[in-house]
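# Understanding the architecture of this molecule
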Amino acid sequence: MTATVTAARPAVPLPLVIIAGCIIAAIGFGTRGSFGLFTLPVTEDLGLSREQWGMAMAVQNLVWGIAQPFAGGMADKYGSGRVLAVGGLVYALGVLGMAFSPDTLTMTLTAGVVTGVGIAIASFGVVMAAFGRVVPAEKRSFVFGIATAASSAGQFIFAPLGQGFISAFGWQMALVWIAVILLLVIPLSAAMRGRTESLPGEADLPFMQALSRAWGHGSYRLLVIGFFVCGFHLAFINVHMPAYLVQCGLSPEVGSWTIAVIGLFNIAGSLLSGWLGSRLPKQMLLATIYFLRALLIAAFLLIPVSEVTAYGFAAGMGLLWLSTVPLTAGLVSLFFGPRYMGMLYGIAFLSHQIGSFVGVWLGGVVYDQTGAYDLVWYLGILLGLGSAAIHIPINEGRAISFALKAA
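Attention now goes to helix 13 (residues 282-302). In an α-helix, one turn spans 3.6 residues; hence positions three or four apart end up facing the same way. Helix length check: helix 13 (21 residues) gives 31 Å between terminal C-alpha atoms against 30 Å at 1.5 Å per residue, within 8%. For helix 13, every residue scored as buried is listed here: Lys 282, Gln 283, Leu 285, Leu 286, Ala 287, Ile 289, Tyr 290, Arg 293, Ala 294, Ile 297 and Phe 300. For helix 13, the elements touching its buried residues are helix 7 (140-169), helix 11 (218-247), helix 12 (252-277), helix 14 (307-320), helix 15 (324-336) and helix 17 (374-391).

Below is the structure:
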């Protein structure tokens with residue numbers, strides 16, 4: 001008989017765990033969501049091309065994805081609080097380094113590598129793994145939605161805040177102030193301490209053995225592949241949308257508020273997604289979300305760009321933005337339980353970040369070669385339709401082959 005893992009009793013009262021985790025998620029994702037605002041001032045001041053800046057952001061997304069499974073595994077083994085504290089420090093150092101990067105190589109190292117590692121270690125993925133440890137199974141999807149909504153609230157706050165910092169102090173000091181805010185993650189991480197304990201007679205599987213058993217589950221493979229498209233959409237829009245709107249004749253402030261509106265509407269989208277995920281088949285909800293994204297992008301391209309259409313697109317995309325996350329995390333938890341959720345959700349998130357790398361990098365390349373982003377928008381439509389199709393056959397059932405009990 002396969003052992004199961006029940007919710008552990010938190011070292012800190014559950015409401016405080018959720019509040020602290022949501023603030024950490026808001027700071028971490030809000031900071032990441034503000035980087036698109038720096039595209040124009042950084043490239044103009046340092047003389048970088050869009051492709052060079054896009055490469056630094058693409059490396060950040062890729063490093064974030066590669067580091068995420070290891071960050072989740074460390075949180076599973078050593079405790080979420082310690083991992084988040086280290087992540088907050090590394091993240092702050094990476095953003096501070098961005099402020100004083102004079103060329104492409106240094107920017108790629110600071111904005112790409114160091115910041116990417118920091119985002120992974122202080123990410124909402126680690127926060128959700130902590131929530132999965134202490135929240136009963138029947139409530140996890142909704143609580144994952146709360147954490148995702150908090151991330152969106154951070155994007156709503158940091159987009160105008162970041163633009164305000166840039167306007168008032170310049171892009172370099174704006175990054176310094178954001179780095180200072182990131183240090184708040186360190187004291188907040190104390191509320192997230194604790195780890196998931198194995199039940200008596202249950203094996204602590206090595207990383208590769210647990211991954212091998214999980215990868216043998218066909219529905220998990222489809223989920224991982226589909227998550228690539230989510231990353232492609234989010235990263236391309238987040239990094240290139242402000243510059244795209246300026247190219248269409250709108251002001252930088254419209255670009256910043258567009259990102260903010262995405263974050264605002266995603267609060268509702270994430271909460272709704274988490275609520276629906278506890279009542280309806282998660283894989284069908286995911287298929288619907290990707291299909292609607294494809295339709296929304298197509299409509300945005302067909303209608304002339306204005307402030308009204310920009311904010312309308314942002315509102316619609318916001319409802320669909322991170323609504324995939326509680327459903328994807330919920331499916332991972334259903335497949336395998338919470339014991340290895342940090343690591344196995346991290347693997348799915350690696351696919352998401354490979355998609356992010358492609359979306360950010362390809363956006364810069366296509367713009368530099370053609371002077372427009374149209375080809376990437378069209379590709380986003382096709383990928384959305386493809387992802388919708390591959391989510392339909394996913395089975396919500398427990399992965400029987402993922403036996404955690406020692407042989």
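With that settled, consider the environment of Trp 171. With respect to the helices and strands, the residue Trp 171 is situated in helix 8 (residues 171-182). In the structure, Trp 171 is positioned 129 residues away from Val 42 in sequence and 7.2 Å away in space, judged by C-alpha atoms.

Orientation of helix 6 (residues 124-134) relative to helix 7, taken along the N-to-C sense of each, is 150°, at an axis distance of 10 Å. Our classification of the angle between helix 6 and helix 7 gives roughly antiparallel. Handedness of the helix 6/helix 7 crossing: right-handed. The segment helix 6 lies against helix 7, with Phe 124, Met 128, Phe 131 and Gly 132 engaging Arg 140, Val 143, Phe 144, Ala 147, Thr 148 and Ser 151. Tallied by class, residues from the contact of helix 6 with helix 7 come to six nonpolar, three polar and one charged.

Inspection of every chain in the model, using the stated rule, returns four cavities of 30 Å³ or more. Estimates place the volume of the largest cavity at around 160 Å³. Forming the boundary of the largest cavity are 18 residues, of which Phe 29, Arg 32, Trp 64, Leu 234 and Ala 235 lie nearest the centre. Going through the elements one at a time, helix 1 (14-33), helix 3 (50-78), helix 11 and helix 16 (341-370) are the ones with two or more residues in the lining of the largest cavity. Residue classes in the lining of the largest cavity are distributed as nine nonpolar, eight polar and one charged.

This brings us to the side chain of Ser 351. With respect to the element layout, Ser 351 can be found in helix 16. The exposure class of Ser 351 is buried, given its relative accessible area of 10%.

Under the definition given, this model contains 14 aromatic pairs. An aromatic cluster is built from Phe 236, Tyr 244, Phe 300, Phe 313, Tyr 367, Tyr 373 and Trp 377, whose rings are joined through pairwise contacts.

Quick look at the side chain of Gln 60 now. Turning to its location among the elements, Gln 60 is positioned in helix 3. Assessed through its relative accessible area of 0%, Gln 60 is described here as buried. In this structure, Gln 60 is in contact with Arg 32, Phe 35, Ala 111, Gly 112, Thr 115, Gly 116 and Ile 119, ignoring residues within four places of it in sequence.

Taking 1.5 Å per residue as the helical rise, helix 4 (residues 80-99) with its 20 residues ought to reach 28 Å, and the 29 Å between its terminal C-alpha atoms agrees with that figure. Residues of helix 4 that are buried include every one of Ser 80, Gly 81, Val 83, Leu 84, Gly 87, Gly 88, Tyr 91, Ala 92, Gly 94, Val 95, Met 98 and Ala 99, and no others. The arc enclosing the buried residues of helix 4, seen along the axis, measures out at 165°, which places them on a common side. Contacts made by the buried residues of helix 4 are with helix 1, helix 3, helix 5 (104-121), helix 6, helix 8 and helix 9 (185-188).

Moving on: the nonpolar core. Formed by 126 residues in total, the largest nonpolar core has its most connected members in Phe 38, Phe 131 and Trp 377. Element by element, the count of residues in this core is highest for helix 11, at 16 residues. Ignoring sequence-local partners within four residues, the contact set of Phe 131 consists of Val 17, Ile 18, Gly 21, Cys 22, Val 143, Phe 144, Ala 147 and Met 192.

Time to look at a nonpolar patch on the surface. Nonpolar side chains collect at one region of the surface, where Leu 89, Leu 93, Leu 96, Phe 100, Leu 105, Leu 109, Val 113, Val 114, Leu 183 and Ile 186 lie side by side and expose about 850 Å² of accessible area between them. Of all elements in the fold, only helix 4 and helix 5 reach the threshold of two or more residues within the nonpolar patch. By secondary structure assignment, the location of Leu 183 is in the loop between helix 8 and helix 9.

Let's shift gears to the packing of helix 4 against helix 6. Running from N to C, helix 4 and helix 6 cross one another at 165°; their axes reach a closest spacing of 10 Å. Taken together, helix 4 and helix 6 sit at an angle that is classed as roughly antiparallel. Helix 4 and helix 6 meet at a crossing whose hand is left-handed. Each of Ser 80, Val 83 and Leu 84 in helix 4 lies in contact with helix 6, whose residues at this interface are Val 126, Val 127, Ala 130 and Arg 133. Of the residues assigned to the contact of helix 4 with helix 6, the class counts are five nonpolar, one polar and one charged.

Take the confidence of the model for the chain next. Taken as a whole, the chain shows an average pLDDT of 83; of its residues, 89% reach a score of 70 or greater. Contacts of residues 1-6 to residues separated by more than four positions or lying in other chains number 17 contacts, the stretch itself having pLDDT below 50. A low-confidence stretch, residues 198-203 stays under pLDDT 50, and its non-local contacts, those more than four residues away or across chains, total 16 contacts.

What counts, and where the lines are drawn
- Residues numbered from 1 in each chain as written.
- Predicted model: local features only at pLDDT ≥ 70, side-chain atom pairs only at ≥ 80, totals over all residues.
- Heavy atoms only, no water.
- Helix = DSSP H or I, 4+ residues; strand = E, 2+ residues; numbered from the N terminus.
- Expected span 1.5 Å × (residues − 1).
- Buried < 20%, exposed > 50% of the residue type's maximum accessible area, 1.4 Å probe, protein only.
- Contact = heavy atoms within 4.5 Å.
- Axes fitted to C-alpha atoms, helices over the stretch in contact; angles between N-to-C directions.
- Parallel < 35°, antiparallel > 145°, perpendicular 65-115°, else oblique.
- Left-handed = near helix turned anticlockwise from the far one by under 90°.
- Nonpolar A, V, L, I, M, F, W, Y, C, P; charged D, E, K, R; others polar.
- 1 Å grid on protein atoms, 1.4 Å probe; cavity = no way out; pocket = protein on both sides within 12 Å on 5 of 7 lines; lining within 4 Å.
- Points joined across faces, edges and corners; volume = space filled by probe spheres on them.
- Phe/Tyr/Trp six-rings, centres within 6.5 Å; stacked < 30°, edge-to-face > 60°.
- Arc of directions from axis to C-beta.
- Core = buried A, V, L, I, M, F, W, Y, C linked by side-chain atoms within 4.5 Å.
- Patch = residues over 30% accessible without salt bridge, like charges linked within 9 Å, V, L, I, M, F, W, Y side chains within 5 Å.
- Areas by Shrake-Rupley, 256 points an atom, 1.4 Å probe, with all protein chains shown as cover.
- Salt bridge = Lys/Arg side-chain N within 4 Å of Asp/Glu carboxyl O.
- pLDDT = per-residue confidence, 0-100.

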